[in-house]
Amino acid sequence: IVGGSKVSSKIGATTRLSTTMAHADDKKGEQRDEKEESKPKKICCACPETKAIRDQCIAEKGEDACQDLIEKHKECLRAEGFNV
């Protein structure tokens, strides 16, 4: 019976350690998310949808024929905080 209580206490310690480690992992994930949010986006990575459509139009039809798509991309960039 004495040996059983030692095992039980080891299991309890392991459970507490596992819980503590899981909590630490959660905190690291939160810190990573905060860092990603605090990093400013690069203009080349912002608005990939409008950029792709704009680029395809320009490649196929030329810049003059795609002014509306160019403007939509600029509007998206402005909404992301870029001054274009």
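Criteria and thresholds
- Residues numbered from 1 in each chain as written.
- Predicted model: local features only at pLDDT ≥ 70, side-chain atom pairs only at ≥ 80, totals over all residues.
- Heavy atoms only, no water.
- Helix = DSSP H or I, 4+ residues; strand = E, 2+ residues; numbered from the N terminus.
- Contact = heavy atoms within 4.5 Å.
- Areas by Shrake-Rupley, 256 points an atom, 1.4 Å probe, with all protein chains shown as cover.
- Salt bridge = Lys/Arg side-chain N within 4 Å of Asp/Glu carboxyl O.
- Buried < 20%, exposed > 50% of the residue type's maximum accessible area, 1.4 Å probe, protein only.
- Disulfide = S-S within 2.5 Å.
- Expected span 1.5 Å × (residues − 1).

Draft legend 1. Spatial organisation of the overall build of the protein. If you tally the helices and strands in the protein, you get three helices and zero strands. Secondary structure elements of the protein occur, N-terminal to C-terminal, as α-α-α. The long-range share in the protein, meaning contacts at least 24 apart out of those at least 6 apart in sequence, stands at 45%. Surface accessibility of the protein: about 7,000 Å² in total, with carbon and sulfur atoms responsible for 55%.

Draft legend 2. Representation of the environment of Gln-56 in the model. Inspection of the secondary structure puts Gln-56 in helix H2 (residues 48-61). Through-space distance from the C-alpha of Gln-56 to that of Cys-66 is 9.5 Å; in sequence the pair is ten residues apart.

Draft legend 3. Up close: unusual backbone geometry. The phi dihedral of Cys-47 falls on the positive side, at around 55°, and the residue is not glycine. Within the element layout of this structure, Cys-47 appears in the loop between helix H1 (2-38) and H2.

Draft legend 4. Representation of the pattern of salt bridges. Scanning the entire structure with this criterion turns up three salt bridges. Lys-41 is paired through a salt bridge with Glu-80; the nearest N and O atoms lie 3.0 Å apart. Here Glu-80 lies in the segment after helix H3 (67-79) and Lys-41 lies in the loop between H1 and H2, a separation of 39 residues in the sequence. Looking at Glu-80, the relative accessible area reads 38%, which means it is partly exposed.

Draft legend 5. Region of interest: the state of the cysteines. Summed over the entire model, instances satisfying the criterion amount to two disulfides. Residue Cys-47 pairs covalently with Cys-76 via a disulfide, S to S 2.0 Å. Here the disulfide of Cys-47 and Cys-76 is left-handed, its torsion about the S-S bond being about -95°. One end of the pair, Cys-47, is in the loop between H1 and H2; the other, Cys-76, is in helix H3, with 29 residues separating them in the sequence. The exposure class of Cys-47 is buried, given its relative accessible area of 4%. Note on cysteine connectivity: Cys-57 is disulfide-linked to Cys-66, with sulfurs 1.9 Å apart. Across the S-S bond of Cys-57 and Cys-66 the torsion is about -90°, and the bridge reads as left-handed. You'll find Cys-57 and Cys-66 in the same group, each marked buried.

Draft legend 6. Geometry of H2. With 14 residues, H2 extends 20 Å between its outermost C-alpha atoms, agreeing within 8% with the 20 Å of an ideal straight helix rising 1.5 Å per residue. Gly-62, located one to two residues past H2, shows a positive phi value of around 95°.

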